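What follows is each chain in one-letter form.
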Amino acid sequence: MSPDNRRPGLRERAWDELRPYDPFRSIKAALQLLVVVSVLITTLLVFLAIHSATELRVITIFSIIASLLITQFVALGLTAPLTEMTAVARAMARGDYSRRVSAVRRDEVGELAETFNQMAADLEAVDRHRKELVANVSHELRTPIAALRAVLENVVDGVSEADPETMRTALQQTERLGRLVNHLLDLSRIDSGVVPLDAKRFEVWPYLAAVLKTAGLGLSGAPGSPRPRKDVHLHLDVSPPELTAYADAERLHQVVANLVDNAVKHSPPSGRVTLRARRGAGPGSLALEVVDEGPGIPEAERGRVFERFNRGSTVGDGGTGLGLAIARWAVDLHGGAIQVAESARGCRIRVTLPGSEPLGNRPHASNT
């Protein structure tokens, strides 16, 4: 490293060391400077009184007035952000999270104001997310309930018979409602942040084969999973065959099942969904890919595809928009990564998991 490259670091360290003596960055230094200035003004006025005909009491009065004015000026500068923070806090108590503290200083009060603004922004985001979640859940619940009610009303009123086709329609809406409820239960565990990992090492081939088997039987998720598509072929590709992984089997099942269900749902007739497993780049890591032959995900939507209730351009497919969000949460819980990879045809989603226990296997709080 050259001397030129070392100088900025040395200057920054020296500047940080001088902070206790900088009145613009330290309240303690500002108060010390206030005392020093007040003493100097008083001393100067006393010196003038001694060498002039001015009475000492007049000089004392002027000294007191000057000290009070300086103290008032410094006090206003120190308390202005605190006063503004009090007003913003009262507004937040009334539900207004849009206000921010504008009087930001460079000292400890300024750092407190910046932290306060960050807290206000976080609370605003949480409040906005809560409102969006309530609106989205209400909309998602209303659709299958309204459809189920319409079917049952037609049967009760004699408009339609309770034949297998009618009951199949009612069952589909019930299954959709069940999927949404189970996804919401998963989200409640996500937001509570108390989901520990029970990670163990296991063989990948038999594990993924069992996941695909349950997916083919329509049992890939919790009760209420969609009916399987018999025209879509599921293919498993694991190399080497003796590949092992270290993960929570139940959470990884959520990831693979949601990705396979999503791929099957968007596959064309007689399409093919491939679940591929390989060794990752790191020691002991695992790389999974789910590839389908569907329309794929537009590049503009790839950054939002793992957000809650995001269904992109696939409107009316009966999905809840939660499966991929839950998959991302389970991957994050392992300390891994999930992304939409480039593919010449269809959609390819890649999951990478580390080969070691993440963060001491402690409960994980998610930001999704």
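Not measured: the values here are computed from a predicted model.

Chemist: What exactly am I supposed to notice about the overall build of the chain here?
Modeler: Summing up its helical and strand segments, the chain has eight helices and seven strands in all. Looking at the chain as a whole, 36% of its 368 residues are labelled buried. Taking all contacts inside the chain whose residues are at least 6 apart in sequence as the whole, residues at least 24 apart take part in 68%.

Chemist: Would you mind showing me how to read helix α8 (residues 323-333) here?
Modeler: Each full turn of the α-helix corresponds to 3.6 residues, which orients residues three or four apart in the same direction. In terms of burial, α8 is a largely internal element, nine of the eleven residues being buried. Taken residue by residue, α8 has G323, L324, A325, I326, A327, W329, A330, V331 and L333 as its buried positions. Where α8 terminates, the next one or two residues include G335, which has phi positive at roughly 80°.

Chemist: Help me understand the packing of aromatic side chains, please; the structure alone is not making it clear to me.
Modeler: Two aromatic rings are characterised by how far apart their centres lie and by the angle between their planes. This model, assessed by the stated rule, comprises one aromatic pair. Note on F202 and Y207: the rings are 4.7 Å apart at their centroids and 45° apart in plane angle, and the pair reads as tilted. A relative accessible area of 14% places Y207 in the buried class.

Chemist: Any chance you could explain helix α7 (residues 249-265) here in plain terms?
Modeler: When the terminal C-alpha atoms of α7 are compared, their 24 Å separation across 17 residues agrees well with the 24 Å that a helix rising 1.5 Å per residue should span. Summarising burial for α7: twelve of the 17 residues are buried, a large majority. Backbone nitrogen of E250 and a side-chain oxygen of the N-cap are separated by 3.0 Å at the start of α7; the cap is D248.

Chemist: Hey, could you run me through the environment of S270 in this one?
Modeler: On the secondary structure map, S270 appears in the loop between α7 and β4 (272-279). Separated by 23 residues in sequence, S270 and E293 have C-alpha atoms that sit 9.8 Å apart.

Chemist: Even after reading the chapter, I still don't get the nonpolar core, so can you show me in this structure?
Modeler: One recurring pattern in soluble globular proteins: nonpolar side chains tend to sit buried together. Formed by 42 residues in total, the largest nonpolar core has its most connected members in L208 and L252. Leaving out residues up to four positions away in the same chain, L252 has contacts with F202, Y207, A247, L288, H334 and L353. With seven residues, the next largest nonpolar core counts V88, M92, A113 and A120 among its residues.

Chemist: Would you take a moment to explain unusual backbone geometry for this structure?
Modeler: Peptide bonds are, in most cases, trans, and in most cases residues other than glycine have a negative phi. Cis geometry is adopted by the peptide bond preceding P240, which originates at S239 and carries an omega value of -5°. Counting through the fold element by element, P240 comes out in the loop between β2 (233-238) and β3 (244-248). A positive phi is found at S270, a non-glycine position, where the angle reads about 60°. With relative accessibility at 63%, the residue S270 sits in the exposed group.

Chemist: Just to check I follow, could you spell out a nonpolar patch on the surface for this structure?
Modeler: There is a patch of nonpolar side chains on the surface, built from L44, F47 and L48 and spanning about 300 Å² of accessible area. Relative to the assigned elements, L48 resides in helix α2 (residues 27-50).

Chemist: What am I meant to see in the packing of α7 against α8 here?
Modeler: How two helices pack is summed up by the angle between their axes together with the distance between the axes. Running from amino to carboxyl end, α7 crosses α8 at an angle of 150°, the nearest separation of the two axes being 9 Å. For the pair α7 and α8, the sense of crossing is left-handed. Of α8, the residues touching α7 (which contributes R251, Q254, V255, N258, L259 and N262) are G323, L324, I326, A327, W329, A330, V331 and L333. Tallied by class, the residues present in the contact of α7 with α8 amount to nine nonpolar, four polar and one charged.

Chemist: Teacher, can you tell me more about the sheet that holds strand β5 (residues 286-291) here?
Modeler: Hydrogen bonding along the main chain pairs the strands of a sheet, whether they run parallel or antiparallel. The five strands lie next to each other as β2-β4-β5-β7-β6, forming an open sheet whose pairing is mixed. Edge positions in the sheet fall to β2 and β6 (337-341), since each of these pairs with one other strand and no more. Between one strand axis and the next, the sheet turns through 15° on average, direction left out of account. Examined bridge by bridge, β4 and β5 share six bridges and lie antiparallel to one another. Counterpart to A277 in the pairing with β5 is L288.

Chemist: Explanation requested: the confidence of the model for the chain in the structure shown.
Modeler: Reading predicted coordinates in detail is not appropriate for stretches of low pLDDT. The share of residues in the chain with pLDDT of 70 or more is 73%, and the mean pLDDT across the chain is 75. Considering each helix and strand of the chain separately, the mean pLDDT is smallest for helix α1 (residues 3-17), with a value of 53, and largest for β5, with 93. Predicted confidence for residues 1-7 stays below pLDDT 50, and this span has one contact to residues more than four positions away or in other chains. Scored below 50 in pLDDT, residues 359-368 shows 18 contacts in the model against residues more than four places distant or in partner chains.

Procedures and definitions
- Residues numbered from 1 in each chain as written.
- Predicted model: local features only at pLDDT ≥ 70, side-chain atom pairs only at ≥ 80, totals over all residues.
- Heavy atoms only, no water.
- Helix = DSSP H or I, 4+ residues; strand = E, 2+ residues; numbered from the N terminus.
- Buried < 20%, exposed > 50% of the residue type's maximum accessible area, 1.4 Å probe, protein only.
- Contact = heavy atoms within 4.5 Å.
- Phe/Tyr/Trp six-rings, centres within 6.5 Å; stacked < 30°, edge-to-face > 60°.
- Expected span 1.5 Å × (residues − 1).
- Polar contact = N/O pair within 3.5 Å; in protein donor to acceptor, adjacent residues only side chain to side chain.
- Core = buried A, V, L, I, M, F, W, Y, C linked by side-chain atoms within 4.5 Å.
- Patch = residues over 30% accessible without salt bridge, like charges linked within 9 Å, V, L, I, M, F, W, Y side chains within 5 Å.
- Areas by Shrake-Rupley, 256 points an atom, 1.4 Å probe, with all protein chains shown as cover.
- Salt bridge = Lys/Arg side-chain N within 4 Å of Asp/Glu carboxyl O.
- Axes fitted to C-alpha atoms, helices over the stretch in contact; angles between N-to-C directions.
- Left-handed = near helix turned anticlockwise from the far one by under 90°.
- Nonpolar A, V, L, I, M, F, W, Y, C, P; charged D, E, K, R; others polar.
- Pairing = 2+ DSSP bridges.
- pLDDT = per-residue confidence, 0-100.

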